[in-house]
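Spelled out, the chains give:
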Amino acid sequence: RSAGDGEDGAEGEGEGEQEDSEGLLQQHLFVLLFECLGDAERWADGLKAVNRAFSHVPATLQRPLWQYKVVFLSKLGRSALDGLAKMKESDSKLQAKVWSTLGQAASDQRTQLLAHVKALEILEKDTQPAERAQYLVEFAEWCLAVRLPRSDAENALLSALDTLLDMDDGHEYAPAAMAAVEGEAADDTGSRADSRTGSRMSVGTG
């Protein structure tokens, strides 16, 4: 009987792995579709495809779907806040990632600023220091890209450095973070940040 139970367990694990593989394949195919529709600037079709994808892709693999939904809504000039409100409140990393995506895709500067700040607030509240440091660097680059005072960008980078130093292993990243602070302060042209101002459709599938 125990042998039979073992076989049933192995069979169940195999079925679970197959479902995961199928779900991951569906996710990748939908993301490829979103990329094609985005490249063609078919925002309305992209939004329809995203909404359809939610019924096919497992909930654990829906992170890129939310990101693309925000992008398509933003490109259509529609508020992405309703979509953001439907995300699981417990998944702070997902919320922060989608808010950051909105900050990159929104058409007006005010919405971009609010989205970046919201991402940072979520990570601070849920004590995600490493992720928050990363988003502080992105926020600094955005400040330079939209030509806000350089002091705003420098303050964000210094906050990122402080966050890393407060971590147990933060000393490993401190030299690189300090170099980033010094590099941004010395770069009067802000060319690296300007390269991020264009419309970007590519988002991670992780």
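Here's what I pulled together on the structure shown here. (Residues numbered from 1 in each chain as written. Predicted model: local features only at pLDDT ≥ 70, side-chain atom pairs only at ≥ 80, totals over all residues. Heavy atoms only, no water.)

### Looking at the environment of E131
- In this structure, E131 sits in helix α7 (residues 129–145).
- On the basis of relative accessible area, E131 is assigned to the partly exposed category, the value being 22%.
- Between the C-alpha atom of E131 and that of T163, which follows or precedes it by 32 residues, the distance is 9.8 Å.
- With sequence-adjacent residues up to four places away left out, E131 is seen in contact with K93 and L123. (Helix = DSSP H or I, 4+ residues; strand = E, 2+ residues; numbered from the N terminus. Buried < 20%, exposed > 50% of the residue type's maximum accessible area, 1.4 Å probe, protein only. Contact = heavy atoms within 4.5 Å.)

### Quick word on the side chain of S100
- Tracing the chain through its elements places S100 in helix α5 (residues 92–105).
- A distance of 3.2 Å separates the side chain of S100 from the side chain of E138, its partner in a polar contact.
- Setting aside its immediate chain neighbours within four residues, S100 contacts H116, A119, Y135 and E138. (Polar contact = N/O pair within 3.5 Å; in protein donor to acceptor, adjacent residues only side chain to side chain.)

### Structural notes on helix α8 (residues 150–166)
- End to end, α8 covers 24 Å across 17 residues, agreeing with the expected 24 Å (1.5 Å per residue, within 8%).
- Buried within α8 we find A153, A156, L157, A160, L161, T163 and L164. Buried positions in α8, seen along its axis, are confined to an arc of 160° and lie on one side of it. (Expected span 1.5 Å × (residues − 1). Arc of directions from axis to C-beta.)

### Things to note about the pattern of salt bridges
- Using the criterion set out here, one finds one salt bridge in the structure.
- For R42, the salt bridge identified is with D45, shortest N-O distance 2.9 Å.
- Among the residues examined, R42 registers a relative accessible area of 44% and is labelled partly exposed. (Salt bridge = Lys/Arg side-chain N within 4 Å of Asp/Glu carboxyl O.)

### Side note on unusual backbone geometry
- Within the chain, E41 stands out as a residue other than glycine whose phi angle is a positive 60°.
- Tracing the backbone shows E41 in the loop between α1 (2–39) and α2 (43–53).
- Its relative accessible area of 57% is what places E41 among the exposed residues.
- Backbone geometry at R147 places phi at a positive 60°, although glycine is not the residue there.

### Describing the nonpolar core
- If you look at the biggest cluster of nonpolar residues, it comprises 43 residues, and the most contacted ones within it are F34 and F72.
- Looking at this core element by element, the count peaks at eight residues for α7. (Core = buried A, V, L, I, M, F, W, Y, C linked by side-chain atoms within 4.5 Å.)

### Notes on the packing of aromatic side chains
- Per the stated rule, a full pass over the model turns up seven aromatic pairs.
- By the ring-pair criterion, three or more aromatic residues cluster together here, those being F30, F34, W43, Y68 and F72. (Phe/Tyr/Trp six-rings, centres within 6.5 Å; stacked < 30°, edge-to-face > 60°.)

### Concerning the environment of Q112
- Mapped onto the secondary structure, Q112 falls in helix α6 (residues 109–125).
- Among the residues examined, Q112 registers a relative accessible area of 13% and is labelled buried.
- Dropping the residues within four chain positions of it, Q112 is found in contact with G103, A106, S107, W142 and V146.
- At a separation of 2.8 Å, a polar atom in the side chain of Q112 contacts the side chain of W142.

### Remarks on α6
- Look at α6: 24 Å from first C-alpha to last across 17 residues, which is about the 24 Å you get at 1.5 Å a residue.
- Residues Q112, A115, H116, A119, L120, I122 and L123 constitute the buried set of α6. Here the buried residues of α6 occupy an arc of 160° about the axis, which is enough to place them on one side. In α6, the exposed positions that point more than 90 degrees away from the buried face belong to R110, E124 and K125.
- Lining the buried residues of α6 we find α5 and α7.

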